[in-house]
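The lines below spell out each chain.
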Amino acid sequence: MTSTTAPHAPYKQLRRPNTDRMVAGVASGLGRYFAVDPTLVRVIFAVSGLLTGGLALLAYPIMWFLMPEEPANAPAWPHPTPQGPPPPPSI
């Protein structure tokens, strides 16, 4: 029996998605990774930028450069957990 689902990493990956982005997808990627609304991440960026006089906003272009872009065929996280054989019964 063959599986038709694409293989995926067994761990969460911090990536910039192609679908849910406003500028570069940094806030959306962080939101997916931490399982929070991307709008909340954007608000945190804005507030931290105001509180630090714009210094915290330097993190955005750095993360834009460092975070890889999600492949076009990658499913959104969370990936479904693979169903393996049931564990052996305990005695």
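Right above here is the structure, for reference.
Only a predicted model underlies this, so the values are computations on that prediction, with no experimental measurement involved.

**Details of the overall build of the protein**
Thought 1: The number of helices and strands found in the protein is three helices and zero strands.
Thought 2: Within the span of the protein, comprising 91 residues, buried residues form 21% of the whole.
Thought 3: Sequence-distant contacts in the protein: of pairs separated by 6 or more residues, those separated by 24 or more amount to 53%.

**A word on the environment of Met22**
Thought 1: Along the chain, the position of Met22 falls in the segment before α1 (26-34).
Thought 2: For Met22, a relative accessible area of 66% puts it in the exposed group.
Thought 3: A C-alpha to C-alpha distance of 9.9 Å links Met22 and Arg42, two positions 20 residues apart in sequence.

**Some remarks on the packing of aromatic side chains**
Thought 1: According to the stated counting rule, one finds three aromatic pairs in the structure shown.
Thought 2: For the pair Tyr33 and Phe34, a centre-to-centre distance of 5.0 Å together with 90 degrees between the ring planes defines the contact as edge-to-face.
Thought 3: Note on Tyr33: relative accessible area 27%, which makes it partly exposed.
Thought 4: Here Phe34 falls in the exposed class, since its relative accessible area comes to 54%.
Thought 5: Note on Tyr60 and Trp64: the rings are 6.3 Å apart at their centroids and 75 degrees apart in plane angle, and the pair reads as edge-to-face. With Tyr60 and Trp64 both in helix α3 (residues 59-66), this residue pair falls four residues apart, about one helical turn.
Thought 6: Feature note: the residues Phe45, Tyr60 and Trp64 constitute an aromatic cluster, connected by ring pairs.

**Some thoughts on α1**
Thought 1: Looking only at α1, the buried set comprises Val26, Ala27, Ser28, Gly29, Leu30 and Gly31.
Thought 2: Among the structural elements, α2 (38-51) and α3 are those in contact with the buried residues of α1.

**Observations regarding the environment of Asp37**
Thought 1: By the secondary structure assignment, Asp37 is in the loop between α1 and α2.
Thought 2: Spatially, the C-alpha atom of Asp37 lies 9.0 Å from that of Ala27, the residues being ten residues apart in sequence.

**As for the packing of α1 against α3**
Thought 1: Where α1 meets α3, the closest approach of the two axes is 10 Å, and the angle between their N-to-C directions is 75 degrees. The angle between the axes of α1 and α3 places the two elements in the roughly perpendicular class. Contact with α1, carried on its side by Val26, Ala27 and Leu30, involves Tyr60, Met63 and Trp64 of α3 and no other residues of that element.
Thought 2: For the contact of α1 with α3, the class distribution of residues is six nonpolar, no polar and no charged.

Conventions we followed
- Residues numbered from 1 in each chain as written.
- Predicted model: local features only at pLDDT ≥ 70, side-chain atom pairs only at ≥ 80, totals over all residues.
- Heavy atoms only, no water.
- Helix = DSSP H or I, 4+ residues; strand = E, 2+ residues; numbered from the N terminus.
- Buried < 20%, exposed > 50% of the residue type's maximum accessible area, 1.4 Å probe, protein only.
- Contact = heavy atoms within 4.5 Å.
- Phe/Tyr/Trp six-rings, centres within 6.5 Å; stacked < 30°, edge-to-face > 60°.
- Axes fitted to C-alpha atoms, helices over the stretch in contact; angles between N-to-C directions.
- Parallel < 35°, antiparallel > 145°, perpendicular 65-115°, else oblique.
- Nonpolar A, V, L, I, M, F, W, Y, C, P; charged D, E, K, R; others polar.

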